[in-house]
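Next come the chains, spelled out residue by residue.
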Amino acid sequence: MEEFSFKGEDGVRIKFSDIKGKRLLILYDTKCNACKELMEELSETELPADLSIVKAAFDINPKLNGEVFAIRHSPEVFLVAADGTVLAKHLYSVEKIQEALADAE
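A. Highlighting the overall build of the protein chain. Counting its secondary structure elements, the protein chain contains 2 helices and 6 strands. Listing every helix and strand of the protein chain by position from the N terminus yields β-β-β-α-β-β-β-α. The burial tally for the protein chain puts 39% of its 105 residues in the buried class. When contacts within the protein chain are restricted to residue pairs at least 6 apart in sequence, long-range pairs at least 24 apart make up 60% of them. Accessible surface, the protein chain: about 6100 Å² in total, of which carbon and sulfur atoms supply 49%.

B. Molecular detail of the side chain of Ser52. As for its position among the elements, Ser52 is in strand β4 (residues 51-56). Given the relative accessible area of 16%, Ser52 is considered buried.

C. Quick peek at the sheet that holds strand β5 (residues 76-80). Taken together, 4 strands build an open sheet; the order of strands is β4-β3-β5-β6 and the sheet is mixed. The open sheet has two edge strands, β4 and β6 (86-89), and neither has a second partner. Taking the axes of each pair of neighbouring strands and ignoring which way they run, one obtains an average angle of 20° across the sheet. Pairing of strand β3 (residues 23-28) with β4 involves 6 bridges; the strand directions are parallel. Pairing of Leu25 across the sheet is with Ile53, part of β4. Of the strands in this sheet, β3, β4 and β5 touch helix α1 (residues 33-43), which is tilted by about 150° from β3.

D. Looking closely at the nonpolar core. Counting residues in hydrophobic clusters, the biggest one holds 15 residues, and the most contacted among them are Leu25, Leu38, Val77, Leu79, Leu91 and Ile97. Among the secondary structure elements, those contributing two or more residues to this core are β3, α1, β5 and α2 (94-104). Setting aside chain neighbours within four positions, we find Leu25 in contact with Leu42, Leu51, Ser52, Ile53, Val54, Val77, Phe78, Leu79, Leu91 and Ile97. Residues Phe6, Val54, Ala56 and Phe78 belong to the second largest nonpolar core, which totals 9 residues.

E. Summary view of unusual backbone geometry. Even without a glycine there, the phi angle at His90 is positive, about 65°. Checked against the element boundaries, His90 lands in the loop between β6 and α2.

F. Representation of a negative patch on the surface in the model. On the surface, Glu37, Glu40, Glu41, Glu44, Glu95, Glu99 and Asp103 cluster together to form a negatively charged patch. Looking at the negative patch, the elements that each hand over two or more residues are α1 and α2. Here Glu37 shows up in helix α1.

Rules used throughout
- Within any chain, residue numbers begin from 1 and follow the written order of that chain's sequence.
- Two thresholds apply to this predicted model, a pLDDT of at least 70 for residue-level local features and 80 or more for giving and counting side-chain atom pairs, whereas whole-chain, interface and lining totals are computed over all residues.
- Side-chain numbers here rest on the full set of heavy atoms in the structure, without hydrogens or water.
- Put simply, DSSP H or I for four residues or longer makes a helix, DSSP E for two residues or longer makes a strand, and each gets a number counted from the N terminus.
- The classification of residues rests on relative accessible area computed with a 1.4 Å probe and restricted to protein chains. Under 20% of the type maximum is buried, over 50% is exposed, and intermediate values are partly exposed.
- We call two residues in contact whenever any of their non-hydrogen atoms come within 4.5 Å of each other.
- Methods summary: accessible areas were calculated by the Shrake-Rupley approach with a probe of 1.4 Å, and residue burial reflects only the protein chains presented.
- When DSSP locates at least two bridges between a pair of strands, those strands are taken to pair.
- Where helices are involved, their axes are fitted lines through C-alpha atoms of the stretch in contact, as for all axes, and angles between N-to-C directions lie from 0 to 180°.
- Residues belong to one nonpolar core when they are buried, are Ala, Val, Leu, Ile, Met, Phe, Trp, Tyr or Cys, and are joined through side-chain atoms within 4.5 Å.
- Two distance rules govern patches: like charges are joined within 9 Å, and nonpolar side chains (Val, Leu, Ile, Met, Phe, Trp, Tyr) within 5 Å, applied only to residues with over 30% relative accessible area and no salt bridge.
- Whenever Lys or Arg places a side-chain nitrogen within 4 Å of a carboxyl oxygen from Asp or Glu, that contact is recorded as a salt bridge.
- When charges are tallied, Lys and Arg are placed among the positive residues and Asp and Glu among the negative ones, while His and the ends of the chain are skipped.
- Where a charge sits is defined by one atom per residue type, namely NZ (Lys), CZ (Arg), CG (Asp) or CD (Glu).

Written out as structure tokens, the structure reads:
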């Protein structure tokens with residue numbers, strides 16, 4: 001299977017292997033109002049040191065689209081473990097993100 005990758009909002013392609021050793025919170029379609037509000041709330045929230053937040057543009061690797069990373073909503077938020085395992089998806093609030101992080105401990 002091709003490595004998971006996506007373009008960030010700045011247009012640069014990000015491969016999961018580029019950020020190994022960290023859990024990722026991937027936010028898709030960060031231009032919508034709900035996602036902007038979530039980003040603001042996250043900026044005011046204490047998060048684990050091993051969590052990286054990345055904003056994905058629209059071209060998430062199509063080989064994974066339709067499987068684990070299927071985009072069915074906008075915005076979409078995924079929590080991904082350091083080994084690439086999807087820990088949770090559809091995390092539309094800080095509370096849901098914190099629950100998913102606690103469950104992943």
